[in-house]
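What the coordinates show
Below are the chains, spelled out letter by letter.
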Amino acid sequence: MIPVLVTSIVNRPDLLDRLLDSIDVPVGRSLIVDNGRVGYQRDGWTTWQPPYESLGWPGTLNFGIEQTPDAPWWLFVNNDAWFEPGKLALLCERMASDQAQVLHHEWTVAAISRAVIETVGLFDTWSFYPLYFDDTDFARRCALAGVPVEEGDWCLEGDDEWPVSLTVRSDPALSMANNRTWQLNQAAYVAKWGGLPGSETFETPWGAGLPLWATRPSPCARTARRWP
């Protein structure tokens, strides 16, 4: 069983329907964050709409964790992914073992145990809003903490242009916004870790001796990354 499944929607409810149709194992609790305010509803699945603005992807993940802090692990899935029959049963079996702490497929799908969150903290929503480089940052913190991270072929992908989000490519305005915020988030990653992914020089956030879970709240930076 999946203890908690978390996903979001910005547009393209057909993609989310495809994802949910592919879930072939029991789900204890679910949370769909309606970041696009599209009014998505589906029987048997819990949808929540942010009252003011999109939580972004890392904010969605944090919200899911914070609403279900007693879960042994969480499954986070982009709404433009889906599963072959039997894949989720294998993933659940692996997460039930003593060794698995983080499983992912290019971070499109990620299963993360509570022990990992307690070790490295939540996702950094201030530096990497609304998405991209949040997963790279989380993986960097896992590596520094010695947390096992396993990549596997867990889900089916959108198309040959993957990993660019189908959600983003479905709307020219979102594509333009993403081009801008991707660069801002890349710069934020370099500032936080002293180099691009694979060339980092800092062992602690911003090279300042801070704990791995530390963030630097900046309302101005978040406003600059806001999508239309």
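Going by the structure above, here's the rest.
Residues numbered from 1 in each chain as written. Predicted model: local features only at pLDDT ≥ 70, side-chain atom pairs only at ≥ 80, totals over all residues. Heavy atoms only, no water.

Another aspect to go through is the packing of aromatic side chains. On inspection of all chains with the given rule, the structure shows 7 aromatic pairs. Ring centres of F123 and F138 lie 4.3 Å apart, and the angle between their planes is 15°; on these two criteria the pair is classed as stacked. Here the residue F123 occupies a position in the loop between α4 (114-120) and α5 (134-145), and F138 occupies one in helix α5, the gap between them amounting to 15 residues. F138 shares its class with F123; the two are buried. Counting every residue linked through ring pairs, the aromatic cluster contains F76, W107, F123 and F138. The ring centre of W126 lies 6.0 Å from the NZ or CZ of R222, which sits over that ring. Looking at R222, its charged tip hangs above the ring of Y129, at a distance of 4.0 Å from the centre. (Phe/Tyr/Trp six-rings, centres within 6.5 Å; stacked < 30°, edge-to-face > 60°. Helix = DSSP H or I, 4+ residues; strand = E, 2+ residues; numbered from the N terminus. Buried < 20%, exposed > 50% of the residue type's maximum accessible area, 1.4 Å probe, protein only. Lys NZ or Arg CZ within 6 Å of the ring centre and 35° of its normal.)

Membership of the largest hydrophobic core comes to 25 residues, with the highest contact counts inside it found for I2, W73, L75, F83 and L91. For this core, the elements supplying multiple residues, two or more each, are β1 (2-9), α1 (13-21), β4 (73-77), α3 (87-95) and β6 (109-113). No other element matches α3, which puts 4 residues into this core. In this structure, L75 is in contact with I2, V4, L5, V6, L88, L91, V109, A110 and A111, ignoring residues within four places of it in sequence. Core analysis: the second largest hydrophobic core is formed by 24 residues, W74, A110, V168 and A177 among them. (Core = buried A, V, L, I, M, F, W, Y, C linked by side-chain atoms within 4.5 Å. Contact = heavy atoms within 4.5 Å.)

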